[in-house]
Amino acid sequence: MKAHRISGGLIDRTKPLTFSFNHERYQGFEGDTLASALVANGIKLVGRSFKYHRPRGIFSAGSEEPNALFQIGHEAHQEPNCRGTVTELYDGLEATSQNHLGFLSHDLLAVNDLLSPFLSAGFYYKTFMWPKSFWEKLYEPVIRSAAGLGALSKRPDPDVYDKGYLHCDLLVIGAGPAGLWAALNAARAGARVIIADEDFLSGGRLNSERFEVDGMPGTAWASKIAEELQAQDNVRFMTRTTVFGSYDHGIYGALERKTDHLLESNGKPRQVLWRIYSKRSLLCSGAIERPIAFGNNDRPGIMLAGAARTYLTRYAAVPGQSVAVFTNNDDGWQTAFDFAEAGIEVKAVIDTRSDCRKIAPEGAMPFYGDQVIDTKGRKGVNLALLKSGAGVECDFLAVSGGWNPALHLTCHQRGKPQWNEAINAFIPSPDLPKGMSVAGAANGSLTLSAALEEANKEAHAISEDLGFKTKSSPAPTASDEAYEGAPFWYVADSKSRAFVDLQNDVTSKDIALAHQEGFRSVEHLKRYTTMGMATDQGKTSNILGLAISAHYTGKTIPETGTTIFRPPYTPVPIGAFAGRSRGKDFRPTRLTPSHQWASKNGASFVETGLWLRAEWYVKPGEKGWRDSVDREAKAVREGVGICDVTTLGKIDIQGRDAGTFLDKVYTNTFSTLAVGKVRYGLMLREDGLAMDDGTTARLGETHFVMTTTTANAVLVYRHLEFCRQCLFPDLDVHLISTTEEWAQFAVAGPKSRALLEKIADNPADLSNGAFPFMACGEIAICGGLKARLFRISFSGELAYEIAVPRRYGHALFERLIKDGKAFGVVPYGTEALNVLRIEKGHATANEICGQVGAQALGLGKMLSSKKDFIGKTLGKRPGIAETDLRLAGFRPLDRNRILTAGAHFISNGQTASLENDEGWMTSVAYSPGLGYSIGLGFIKNGDKRIGEIVTAFDAVRDNSMDVEIVSPHFVDPEGERLRG
């Protein structure tokens, strides 16, 4: 048996690599891809097709590959659907084939191929409709078990991903000959250049051909230009990087594979997702060869002719020992010549053009005006049958139907390709994304000389447009290779199935059926047949399908039209989009100024919005969280406690019309608020339902500071900006979020004033007369530090909130703890805060849940009748203004029972049903001061039913009980403590 690895190529034979495929060990070399190494080891069968499970072999040599998909790695590192053609070989690589039941060579699901007459296009729309009961019991389970290609490990991904931002004057996409030359010209002119290519070796098709550029081998020329670019400070050369999407404002998405070619990443990012900001871009992405559809054209051993040259020239790997070429263009003949020169037997060249006069290599039989109508072979081709009746024995068939410009990125902003008769392919539309130009094969210039000339011209034009001085220089000299061809898409006379989309098993007959059943629009055709919906997104199948569709509709291809492409150009792992935002880093976690102190002093933390807050502080001897929370709540009621409330939203509002603006967004009036005072406010949505509540302080005539709930901080700020910019653009008002600029602490309890007086600089007067309830102002503390002080209380106790610039927050918290020891100070967390606010009857997110209005909250008096405000009109709807729901307090008749939030209220004697539902419990807590469980909730006419007994029905947790309706103000209903 002859070897499949020959001399030459661009691989490094001094660095052998060992890898495994389906648990068998093989050898390759540095510079191989997984696909080229398999070719070099004589492996033809590499996978199975999606629907019919037909044998599949390597079809291409680039990212357009539809067949050679593998699972790489094992256990948690296992990744499915990796294209072997772009998977760089490394020592220890483990690859397994996909989409088969049992062995790859004996796939039990290959029975689907025998059932193919019943599994034609759209069969799933017809087959699974009857009987209806079969869907859940039979059809869906079978479909779900058969769906997909590879398998996930179902374990957390152990690899690291990252994100980054790059800026440049010019982004060159593609490091083939056109891209290299364009990047070099722009770099020499002084532009900041990024050049990106998905391959690990720059040069593009130069690495697959025997071209010469400027009198030197093409590969040597590419290496020389790449070295010059990499040596320049104003150039970022990014290999292993796919620019996958074009977006507005010159922004491009790019995926750089950092360690995919290594067995171990050693903690480094596996991939980096780049957002590239460019002033201009130049697309030099080359072209993708298209096949010809004919009978049984999907057998292993049938490959694109250009890919065959890549394996031969770049990787020194021979796909077969007896070669036949089927082509409709001059470029396909080059494959025959290259294989013959390498000493590989070329059996025949079959050209669909009857007027072709090319001379076949010695020993090869030319067939002019002929076609391959069928092939034979079980798991690999061994015979090509021609329309003329001849048969060509071969173990490898190279096919070339011409080349399609890789114009995908030009379509990402709705650009529609245009048909070019000269090359029988679509070329980019003049309506390109802003700032983009196209050069080389991607623009339809399919010869090397023309591609270099166009790149030279575009590079000079872009550099001058960017303001850089350029010197007129000629493009490198290169010969123009022959590429002429005649349009030929599929063999109509074949009786066997001709495959158009190899991965999804879409045949020419499927397209005919779609036409017959009325799915003739290209968009309908795509979805009905699933053509172009596989992992390769139809890179080798779309034009074929359109041509066949055009035949059946009696239209030309441009009249038939084409689907346009969307990002990503090639698959991007979800992990790359997430980057480091996973697990606890799924979203940013903001830490309060007291976090470090709290961590060292027994705090347990809870996520509240984007913040991590202390929920309670554990002391020695405490047996559970209730012990800690009860202690903290009692300490606030009896002495003084400190809670970090930095997380509250803080919005600085300034301008001549700031008061008028607040009048419009709040239900109550703020324009009349005196300087140095604070007012509680309620904000409604446009539909009249409560959105948020909070306090707003007036620090000056034109200066207000609003606080919002932690959860709604962003929502409220966004709402205010919408109101400012869209609803009231004429008002002189400006907003800025200062949530993270100020550290803020609640100091609450009967001894809170004494503690603050201890840290306040003289002569601060915090007496009730000088600084009464709802007062605010600036004071100096701790020897000259300016602070803001607000006398507000959500605990029902004498309380203040003190704010300082964030950088002083930690120091202030420690100072308060230190000076507060004389008063028995305790830090308290969110749970004790919740207990205190429920005892006082304050509504928070549980009550202001987007389902109730001001009346239900007992805040109807805050709806001003003297002014307009957002939500006023729709708030008058019967379901809101005339609702009989009211906020009330509840306590169990059996004081030993524990209330549960979510319970529904049913009048005594009534059955638990939707018709008898009178409301629901919103918040519950155990009150250490009262010694029993208490709750807040909404109930019909609750304000008129104080003392009535109802049932709190909770069947979910089997915790139903009788409760008494009471005032929501369990502690100090008259408010004497907070005003003391």
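Residues numbered from 1 in each chain as written. Predicted model: local features only at pLDDT ≥ 70, side-chain atom pairs only at ≥ 80, totals over all residues. Heavy atoms only, no water.

Quick word on the overall build of the protein chain
For step 1, the next point in the chain: What the protein chain contains, in helices and strands, is 22 helices and 50 strands.
For step 2, the next point in the chain: Each principal axis of the C-alpha atoms in the protein chain carries an extent, and together these give about 110 × 75 × 55 Å.
For step 3, the next point in the chain: Taking all 980 residues of the protein chain together, the buried fraction comes to 57%.
For step 4, the next point in the chain: For the protein chain, restricting intrachain contacts to residue pairs at least 6 apart in sequence, the fraction spanning at least 24 positions comes to 66%.
For step 5, the next point in the chain: Of the accessible surface of the protein chain, which amounts to about 42,000 Å², a share of 52% is contributed by carbon and sulfur atoms.
For step 6, the next point in the chain: Of the charged side chains in the protein chain, 110 are positive and 113 negative; the average position of the first set lies 3 Å away from that of the second. (Helix = DSSP H or I, 4+ residues; strand = E, 2+ residues; numbered from the N terminus. Buried < 20%, exposed > 50% of the residue type's maximum accessible area, 1.4 Å probe, protein only. Contact = heavy atoms within 4.5 Å. Areas by Shrake-Rupley, 256 points an atom, 1.4 Å probe, with all protein chains shown as cover. Lys, Arg positive; Asp, Glu negative; His and termini not counted. Charge placed at Lys NZ, Arg CZ, Asp CG, Glu CD.)

Some words on helix H18 (residues 713-727)
Given 3.6 residues per turn, any residue in an α-helix points the same way as the ones three and four places further on.
For step 1, the next point in the chain: Helix length check: H18, at 15 residues, gives a terminal C-alpha distance of 20 Å against a target of 21 Å (1.5 Å per residue), a fit within 8%.
For step 2, the next point in the chain: Buried residues of H18: Ala-713, Val-716, His-719, Leu-720, Glu-721 and Cys-723, and no others.
For step 3, the next point in the chain: Its buried side turned inward, H18 meets strand E35 (649-654), helix H17 (658-665), strand E36 (677-684), strand E37 (690-700), strand E38 (703-708) and strand E39 (734-737). (Expected span 1.5 Å × (residues − 1).)

Things to note about a nonpolar patch on the surface
For step 1, the next point in the chain: Judged by side-chain polarity, Phe-134, Leu-138 and Val-142 come together as a nonpolar surface patch covering roughly 250 Å² of accessible area.
For step 2, the next point in the chain: Looking at the element boundaries, Val-142 is found in helix H4 (residues 134-146).
For step 3, the next point in the chain: When its relative accessible area of 47% is taken as the criterion, Val-142 is described as partly exposed. (Patch = residues over 30% accessible without salt bridge, like charges linked within 9 Å, V, L, I, M, F, W, Y side chains within 5 Å. Salt bridge = Lys/Arg side-chain N within 4 Å of Asp/Glu carboxyl O.)

A look at the environment of Asp-501
For step 1, the next point in the chain: Looking at the element boundaries, Asp-501 is found in strand E29 (residues 499-501).
For step 2, the next point in the chain: Residue classification places Asp-501 among the buried positions, given a relative accessible area of 0%.
For step 3, the next point in the chain: When the C-alpha positions of Asp-501 and Val-318 are compared, they lie 25 Å apart, and in sequence the two are 183 residues distant.
For step 4, the next point in the chain: Contact partners of Asp-501, with chain neighbours within four places excluded, come to Val-506, Thr-530, Met-531, Gly-532, Met-533, Ala-534 and Ser-541.
For step 5, the next point in the chain: There is a polar contact of 2.8 Å between the side chain of Asp-501 and the backbone nitrogen of Gly-532. (Polar contact = N/O pair within 3.5 Å; in protein donor to acceptor, adjacent residues only side chain to side chain.)

Notes on the nonpolar core
For step 1, the next point in the chain: Counting residues in hydrophobic clusters, the biggest one holds 52 residues, and the most contacted among them are Leu-34, Leu-38, Ile-58, Phe-70, Tyr-311 and Phe-339.
For step 2, the next point in the chain: With six residues, helix H1 (residues 34-40) is the single largest residue contributor to this core.
For step 3, the next point in the chain: Other than its neighbours up to four places away in sequence, Leu-34 contacts Phe-19, Phe-70, Ile-72, Gly-84, Thr-87, Leu-89, Leu-93 and Ala-95.
For step 4, the next point in the chain: Core analysis: the next-biggest nonpolar cluster, separate from the first, contains 37 residues, Val-629, Ile-838, Ala-843 and Leu-857 among them. (Core = buried A, V, L, I, M, F, W, Y, C linked by side-chain atoms within 4.5 Å.)

Focus: the sheet that holds strand E40 (residues 742-748)
For step 1, the next point in the chain: Strands sit in the order E41-E42-E43-E40-E34-E44 across an open sheet of six strands; the sheet is mixed. Two strands in the sheet have a free side with no partner beyond their single neighbour: strand E41 (776-781) and strand E44 (826-827).
For step 2, the next point in the chain: Bridging between strand E34 (residues 641-644) and E44 involves two bridges; their strand directions are parallel. Paired with Ile-642 across the two strands is Pro-827, which belongs to E44.
For step 3, the next point in the chain: Packed on one face of the sheet, helix H19 (residues 752-759) meets E34, E40, E41, strand E42 (785-790) and strand E43 (799-805) and runs near 30° to E43. (Pairing = 2+ DSSP bridges. Axes fitted to C-alpha atoms, helices over the stretch in contact; angles between N-to-C directions.)

Considerations on the sheet that holds E38
Strand pairing in a sheet relies on backbone hydrogen bonds. The paired strands run either parallel or antiparallel.
For step 1, the next point in the chain: Strand order in this open sheet of five strands is E36-E37-E38-E35-E39, and the pairing throughout is antiparallel. Each edge of the open sheet is held by one strand with a lone partner, namely E36 and E39. Going from strand to strand, the sheet's axes swing by 25° on average, the running direction of each strand aside.
For step 2, the next point in the chain: Where E36 lies against E37, eight bridges are found, and the strand directions are antiparallel. Residue pairing in the sheet places Tyr-680 in a bridge with Thr-695 of E37.
For step 3, the next point in the chain: Contacting E35, E36, E37, E38 and E39, H17 runs over the sheet at an angle of about 30° to E38.
For step 4, the next point in the chain: Against the sheet, H18 makes contact with E35, E36, E37, E38 and E39, and its axis sits at roughly 165° relative to E39, the strand it touches most.

With respect to the pairing of strand E14 (residues 251-257)
Consecutive side chains along a regular strand alternate between the two faces of the sheet.
For step 1, the next point in the chain: By the criterion of burial, E14 is predominantly enclosed, with seven of the seven residues buried.
For step 2, the next point in the chain: What you see with E14 is no split at all: Ile-251, Gly-253, Leu-255 and Arg-257 on one side and Tyr-252, Ala-254 and Glu-256 on the other are buried throughout.
For step 3, the next point in the chain: Sheet analysis places strand E13 (residues 241-247) next to E14, joined by six bridges and oriented antiparallel. Across the sheet, residue Ser-246 finds its bridge partner in E14, namely Tyr-252.
For step 4, the next point in the chain: The turn joining E13 and E14, which pair antiparallel and follow one another in sequence, is formed by three residues; a positive phi near 65° is taken by His-249.
For step 5, the next point in the chain: In this sheet, strand E15 (residues 269-283) lies alongside E14 in antiparallel orientation, the contact comprising seven bridges.

Here's the deal with the side chain of Glu-632
For step 1, the next point in the chain: Relative to the helices and strands, Glu-632 resides in helix H16 (residues 625-638).
For step 2, the next point in the chain: The exposure class assigned to Glu-632 is buried, which follows from its relative accessible area of 0%.
For step 3, the next point in the chain: A distance of 2.7 Å separates the side chain of Glu-632 from the backbone nitrogen of Tyr-617, its partner in a polar contact.
For step 4, the next point in the chain: Those residues in contact with Glu-632 that lie beyond four places of it in its chain are Trp-616, Tyr-617, Val-826, Pro-827, Tyr-828, Gly-829 and Ala-832.

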